[in-house]
Structures are given as C-alpha cells and as structure tokens.
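# Topology and contacts: notes
Below are the chains, spelled out letter by letter.
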Amino acid sequence: MPFNTFISSIADLDRCTAAPDLTEVLIEPMLLARQGRVGEKAAQELAIAARARGLRPVLVWDALMPQQAMEAVGERLRTWDFAAFAAVRVNDLGAAAWMQEHHPTLPLHLIAETGNHNLSALQGWCELLGHTLERLILSIELPEAQLVQYCQALPVPCEVLGAGPILLFYSPRSLLADPLHAEDEDATHIAATIAFEDHPDRPFPTVETPHGTLMFLDKDQFIGDRLESLWKAGLAMVRIDLRPFSPAPDAAPNIDRICQQLLSAPATLRQQWHRPTRAPFFNANRTTALIPRMKTRRLDPWRNQAIAEVIAGEGGSYVVFRVLRPFHLTPDTQILLPTGDRLPFPANCNLRTLQGVPTSQGEADQLLLTDWIKKAVTGSLLLAGSEE
Amino acid sequence: MNKPELLAPAKNLERLKVAVTYGADAVYVGGERYGLRARADNFTVGDLQEGATFAHRNGAKLYITLNAFLHDEDFAGFGDYCRVLDEIGVDAAIASDLGVIREIQRHSSLDVHLSTQASCLNAAAARLWQRTGVKRLIVGRELTIAEAGAIHRQTGMEVEMFTHGAMCMAYSGHCTISNFTAGRDSNRGGCIQSCRIPYFLKSDADSTNRAASAEPITFMSSRDLWGIGQVGEFFRQGICSLKIEGRMKSSFYVAIATRVYRRLIDAYATGQGAEALLDWAATELRSLPNRDYFPGSLDAPAGHDSVFHKHYGVNPGTHKYSGMVMETTESDVVLYIMEPLAVGDTLEFVPPQGEPIVWTVKDLYSVLSEQRSRFRQESVVKLPRATLPDQGQALTPFTAIRHAQAAATTNPELSVAS
C-alpha cells in the first residue's frame, strides 16, 4: 500500500525512511510550489538525500504561472540539476510543457484535482501528455465508485489524497498581509483562520505565500480506513499531507507512526486525527442532486413552446403580450400561468396590435394586446398549439 | 493592426438583441444545460435559433458557453445538443473541460474557445491547448495585456481577454468553497459567491488578536474590472476579442457597457484616440451598479488595493434602470418601464449612438391611448412622438432608459487609472 507525503527537512526524510510503505516524498521549493518552504538548493539536496535513503523524490511544481512568472522561472530552472528527481508534479499545463521540452525523459504527475471529473477529460490528458505522464492525481470530489472505475480504466496509475487538508480556494493575490498589517513582516508564510459571520465557530485555515492565498476547509479529508476497493482497483498511491501541523522546518511530523497506523488501525487513526475529518464526496457527490433544483423553475420546461409572454396588464382592461417568436394563432393555443395551471386562449379576447388592428399572428418582439384575461398575470406564457 | 471584436454577454434573447443593437460584434449566451450560470434564464433551442438569426442578420456572431466542468453523468444528451448547435449556426462554443472539448469535437464542427475557467496563463500551456484543437484562448484574468500579447505572438493563437465586469478573486475554476460548504458545485453553475461576504479573520501568529477583526471584514471580494484606459494596449498586443462579463446582468448593464466599449474601440481604430473619451467612459460606467472599478491585472498584477471592502451588495451606480423602448410607431414611442413613472419625471434615453436624450415627461398614455398622469412599475406606456425631442427619431427598439439617482455612490478617491 504505497504512501507519499510532503517533506521539507532531513528529519522528515528520516521519519519517512522509518515509515512502512512510504515510498515517495514530495519536495516543495518556494520557487515552484504554492506552499513551498525550501530554497532551490535545499530542494535539490533533499532530493539527493531522499534517493540515498531509498525514497523516490518528486519535485512539486503546483503553482500556476502567469506568462512573466513562467519565463522567469524557466530561466532559473535552466541551472537546476533535475537528475536527482524521479518525477515532477505539475498543476499548470505550462509547467508540463516546459518539462517535456527541457527534460523529456522525466516523468510527470498531473494534478487533475480541480474540475477533472469525467473519464473523457482524464483520458484526454493521458493522450495529450503521452508517455511522459506517469500518474494522474485524482479529485476528492469523485465518489468511490468513480475512483474505482477510473483507476481501472485509465492507462496511467492514479493517486488520491488519503488524509490531509482540503484546499478550497487558490488566489494569486495577497489577501492576508494587508488586513493583518503584516506587509512589513519578514515572513514568506502568513497564517490565519477565517470564519463565516454566521458560523464563527468554524475556523478555515488560510495561508498567504509568495504564490498567493490559499484557504482550506475546517475539516480534513480522511479515507485511510476506506481504501480497500481502491487498492483492489489498482490505485497506485495515497497521499498523506501533514504540512499544516508541522512546526518549521518540518512537513511530516509523526509520518512513521501514521503510516504504521494506516496499515494496522486506520479507523483508530481517523479518530485520533489532529483535526475533525470527513470525506464529503466519497459516498456520492451530493452537489449533483442540487443541480436540477437550481436550474428548473416552474415554467422553464415550457419555454421552447412559448410564443409570447405577458409583460404587463391592467385588471379588467387589457393584457400586453411580447412576442417571443413568430406565430399564427391556432384554436388550441393555451396560456400557461406562473402557477403551472393552463387556460385556453379565449377565442373572443380580441388579439390586436398596438394600433388596434386585429391579428392572429405575431412577429418577434412585437407587442400585442388583448382584452383582459383573468389570471393572465405578468410572466404567463402563450404556448403554441399543436397545429403551430 | 487588427480591430478587436467586442464580445457582450446575454442572459436571454432580449439582452442578446440589446447587445447587438448597442454594437457588440459577438454575443455569448448559455444554453439550458452545460453552462456556469444555472440561474440565468438561459437559451432554449428555439431562443438560440432566434438569437443566431438576429445576430447574423446584424453582422454579429453567437457563441455558446459550455464551460461547466462535467461529471460523466452530465454528458447525457450532450452529443445531440452539439449537433443541434451546429445546425443552428452557433459560431463557437466556449468550454473549459477537456472532456467537454473532446465531446464537442466528436459531435460537431463547432470552433472551440477555451474558457477563462481553464486558467490558461502562459504560452507553454497555450501550445498544449492548441494541440487539442482549441481555436481561441480566453486567458486568465490574472494576466497583463502584455503577457496575453506574448502568448498570442508565441503561439499564433487568437487571444481573448476580459475588459470589463466582475472578477473571481481565485484563479478561475480553482475555488470550491461552494462545493464543500454549501453542497453546490461552483464549477457546474452553483457558485454561491462566498468571496463576496464578510469573514472573521484572525492571525495564527498572534494570540492577543492584534490585527484580528473583532468585526467581520470583506477581504476576498474583488473590485470590478474595467479596461477603458487600456483599449490602445489591447490593439497593440493583438488581442482579438474584448469581453464584457455579466451573463446574469440587466439589459441596462449590457446596453451601457457595450455602448462604452464600442465607442472606445471605434475611436481608437479610427485614430481619434480613446484617451479623450476616458472621462466620459468612466462616468457612463459609473452609472451602473459596480464594485469600485479598477484595471484588474491588465497593466500589472492586482495588488492589495484590489479588494472591494463593502460588506454586502454593490455600489448602486449613479443612475437607475428605468426601462426600455419596446416598439416605435408612426405616432408613438412605446416603453416598458421598470420603475413608477409620472408626468414631470425626468428620463434619460441612452441611444446606441449619439448623446443621451434627457427629457421631462409631458404626456403619458396607456396602450389603449388613455391619458394618465402616472403609471406603476412594470407597465407598458406610450409617449407621443410629438412631445419628444426631435420627435424621438433617435429612439429605436431596445434603447435603454435611465434616471439619475440622488446620492453619489462611488468612492470619489478612485480615479480612472485606479
């Protein structure tokens, strides 16, 4: 059951060496990683040290890169020795392209966590990045059944977050320094908690780094005790993220004990986890059920049949229709009320133009009048009959 | 030097016609599914047919947003829908999900414009997207115009940029606050605008709560973008299309924003200089509800001053939407009014071209030609041409009408450049 985790010190590496089934370490230079804490030289040294301990070092390049930053970073990376790294983990397609151009043999891990929720897209990334794509990092918004299916169907191995913070928001802007009056402080990371006005008891960890501002959920993802079906489906890697609980300079405190517990007593580990845990979408993506309710208003299903809409009227006097599309009135034309009820269009209601000319047809955007039709309030639709 | 296209949003058919009437070269709309504005009216297939016909008849293009990030089950019917869009003559689809792009290409011959939701930020990424068959990039709003221009030059791809409207504070597509706190998928049209609300904020480094907000503060809400001072730079950098945000916004917004950018683009293209129009443009745009405009990252990355600190809502704008010209006859101009209207009220007609016509209501008639002294809101009203300046010759259907609001509503310290 292979695990990986983020590291930022030799002490982390020593703990990782002692951690059962932990085969890979994720190294985050400040230059490239949105939560990175180590310098460029230190990152390369950590990679060499990881290799010496039998661990697979993966370079994390998960910051998104506007063009100018990309150019500057590209120049800096020309001096790097990538030989120490076993793979590079990318979020920005530009980073993937840069690696393919300059280090075409170095495997890539693509972070497909945000907005990659269908098989076609994931297969597309595999085709686009070709043989250099070694792994896809899948979204925790995918339910278990989907994760299983993708692990089985995709041509590259997959990884998923097993335990750790859930990233909610990634902005390139500095959002904490100013309100916390920390502009002048010599800190590369400004940490804070934020809470909704109506839920002050829910603290969302938020951090500002040189790459922008990141906000996390108040509860951690934890599926360490629910991995069996994923392992059987061929899941290649489970990520354990301990960074928020790590006093600098470490990133993986207790990783040895945690990996041991993941293997021997994962349910206990969940109960003992440093923060409340959940796996909000592991059973089902509950956002899906809400979509039809967001979209469908009572009259929407009928809009394709609507030929005119009531836009104004005066009780007992008249109703004004705005024509939505050209029509000829037929005997079975109906009025659909906002309540969902239907009325036959009265044959004697005297449909006419604004000039008072009787008509049985309308042109798009034309205004037409009728005598007062009881209940035909604003928003009612005139529905084409079957002969239309 | 190519003249960029002016691309306006439309929530429904009326707004599409407003956008085209006010000079949009292209309009983008949402269908009933697969887009990111679940609560917009959105276009039925019939609406799309009518919209495409109207746009094409007036020399404009119609783009459809298919920019949600879909789950497998969301693809039901998608191929058929793409074929229908093709038959209707929609000019391009705006998409962000690679799976969606692949399905569009499998089932139709629609051009694909990569949505800003995909956060394409550099030329290296653009080249990869180019290999997927994407024709145009709507680059991330985090880019300067110069950076977008560099992407255009290095890839040869069409590059479109937002020039106006509300902005995400997060990298577009990289905010899932709604998903995890409200069970609504922000990338499938369910964003609850969590960035716009106030939060309690407390520094982890300070146990005494120094600098923490005892009162909640709004610190994640972005000011609104305007690019009125950057029109020349869009031209110079070869940006192919200037996009106005706002598929949820009113006909008034569509009319005024389209009118302003139409005039600025045309002025620059004809060598008249858009700079001379800056004060006018700023005044016009401030007539709309706004969140203290700023140039976003168009010149340089947005800084600390890019936050809109108002707790709830927006600045209401200097003017209020009063209504719209619905129809004109030989004898009358027919209005739909959003607000109550009485004889003696002052209205401002804002025609697509030319200066606004300020006019005090003298006579009001119902659609039955009954003279009245006042009408309630949401009424249809006839104005005799004889009572209008120049007999109302400048007034055509879809002309927006506004009236001045009493209070100054915009931060007076914010200049055009800010």
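Residues numbered from 1 in each chain as written. Chains lettered and ligands numbered in written order. Predicted model: local features only at pLDDT ≥ 70, side-chain atom pairs only at ≥ 80, totals over all residues. Heavy atoms only, no water.

## What about the overall build of chain B?
- When helices and strands are tallied, chain B shows ten helices and 20 strands.
- Computed over the C-alpha atoms, the radius of gyration of chain B is 22 Å, within 12% of the 22 Å expected from 2.2 N^0.38 for a compact globule of 418 residues.
- Principal-axis analysis of the C-alpha atoms places the extent of chain B at approximately 65 × 60 × 45 Å.
- Counting contacts in chain B only where the partners sit at least 6 residues apart, residues at least 24 apart contribute 69% of the total.
- Surface summary for chain B: the accessible area is close to 14,500 Å², and the carbon and sulfur share equals 49%.
- In chain B, which carries 42 positive and 47 negative side-chain charges, the distance between the mean positions of the two groups comes to 1 Å. (Helix = DSSP H or I, 4+ residues; strand = E, 2+ residues; numbered from the N terminus. Rg over C-alpha atoms; globule rule 2.2 N^0.38 Å. Contact = heavy atoms within 4.5 Å. Areas by Shrake-Rupley, 256 points an atom, 1.4 Å probe, with all protein chains shown as cover. Lys, Arg positive; Asp, Glu negative; His and termini not counted. Charge placed at Lys NZ, Arg CZ, Asp CG, Glu CD.)

## Description of the side chain of B:Glu5
All names here are of chain B.
- Mapped onto the elements of the fold, glutamate 5 is located in strand β1 (residues 5-10).
- Reaching out from glutamate 5, the side chain makes a polar contact with the side chain of arginine 136 at a distance of 2.9 Å.
- When residues no more than four places from it in sequence are discounted, the contact partners of glutamate 5 are Asp25, Ala26, Lys61, Tyr63, Arg136, Cys240, Ser241 and Leu242. (Polar contact = N/O pair within 3.5 Å; in protein donor to acceptor, adjacent residues only side chain to side chain.)

## Overview of the pairing of strand β9 (residues 190-196) of chain A
- In terms of burial, β9(A) is a largely internal element, five of the seven residues being buried.
- Alignment of β9(A) against strand β10 (residues 199-209) of chain A, held across six bridges, turns out to be antiparallel. Within the sheet, the bridge partner assigned to A:Ala192 lies in β10(A) and is A:Thr206.
- Here β9(A) hands over to β10(A) after two residues, the two strands then running antiparallel side by side.
- Two strands pair when backbone bridges link them, and β9(A) and strand β8 (residues 199-203) of chain B are joined in this way by five bridges, in the antiparallel orientation. Its bridge partner being in β8(B), A:Phe196 is matched across the sheet by B:Tyr199. (Buried < 20%, exposed > 50% of the residue type's maximum accessible area, 1.4 Å probe, protein only. Pairing = 2+ DSSP bridges.)

## A few points about helix α1 (residues 13-21) of chain B
- In terms of residue burial, α1(B) counts as a mostly covered element, since eight of its nine residues are buried.
- Looking one or two residues past α1(B), B:Gly23 carries a phi angle of roughly 110°, positive in sign.

## Some details on the interface of chain A and chain B
- Facing 96 residues of chain A, the contacting portion of chain B comprises 102 residues.
- Note that A:Asp365 and B:Lys17 form a salt bridge whose closest N and O atoms lie 2.6 Å from each other.
- With nine residues, the single largest contributor to the side of chain A that touches chain B is helix α5 (residues 119-129) of chain A.
- Of the residues belonging to the side of chain A that touches chain B, the class tally is 50 nonpolar, 26 polar and 20 charged. (Salt bridge = Lys/Arg side-chain N within 4 Å of Asp/Glu carboxyl O. Nonpolar A, V, L, I, M, F, W, Y, C, P; charged D, E, K, R; others polar.)

## So, the domain arrangement of chain A
- Domain boundaries in chain A define domain 1 (3-166 + 219-290), domain 2 (167-217) and domain 3 (300-383).
- Taking only C-alpha atoms, the centre of domain 2 of chain A and the centre of domain 3 of chain A are 54 Å apart. (Domains from an automatic or database assignment.)

## What about the environment of B:Leu225?
Residues and elements named next belong to chain B.
- With respect to the helices and strands, leucine 225 occurs in strand β9 (residues 225-226).
- With 65 residues separating them in the primary sequence, leucine 225 and asparagine 290 have C-alpha atoms 9.4 Å apart.
- Those residues within four positions of leucine 225 in sequence are excluded, and the remaining contacts are Phe162, Thr163, His164, Gly165, Met167, Tyr293, Phe294, Pro295, Gly296 and Leu298.

## Here we look at the packing of aromatic side chains
Residue and element names in this part refer to chain B.
- Inspection of every chain in the model, using the stated rule, returns 21 aromatic pairs over all chains.
- Between tyrosine 34 and tyrosine 81 the ring centres are 5.4 Å apart and the planes differ by 50°, which places this aromatic pair in the tilted class. Taken together, the positions of tyrosine 34 in the loop between β2 (26-30) and α2 (45-57) and tyrosine 81 in helix α3 (residues 78-88) put the pair 47 residues apart, joining distant regions of the chain. Note on accessibility: tyrosine 34 and tyrosine 81 belong to one class, buried.
- An angle of 10° between the planes, with centres 4.6 Å apart, marks the rings of tryptophan 226 and tyrosine 293 as stacked. One end of the pair, tryptophan 226, is in strand β9; the other, tyrosine 293, is in the loop between α10 (278-285) and β11 (319-328), with 67 residues separating them in the sequence.
- In this structure tyrosine 293 comes out as buried when scored by relative accessible area, which is 4%. (Phe/Tyr/Trp six-rings, centres within 6.5 Å; stacked < 30°, edge-to-face > 60°.)

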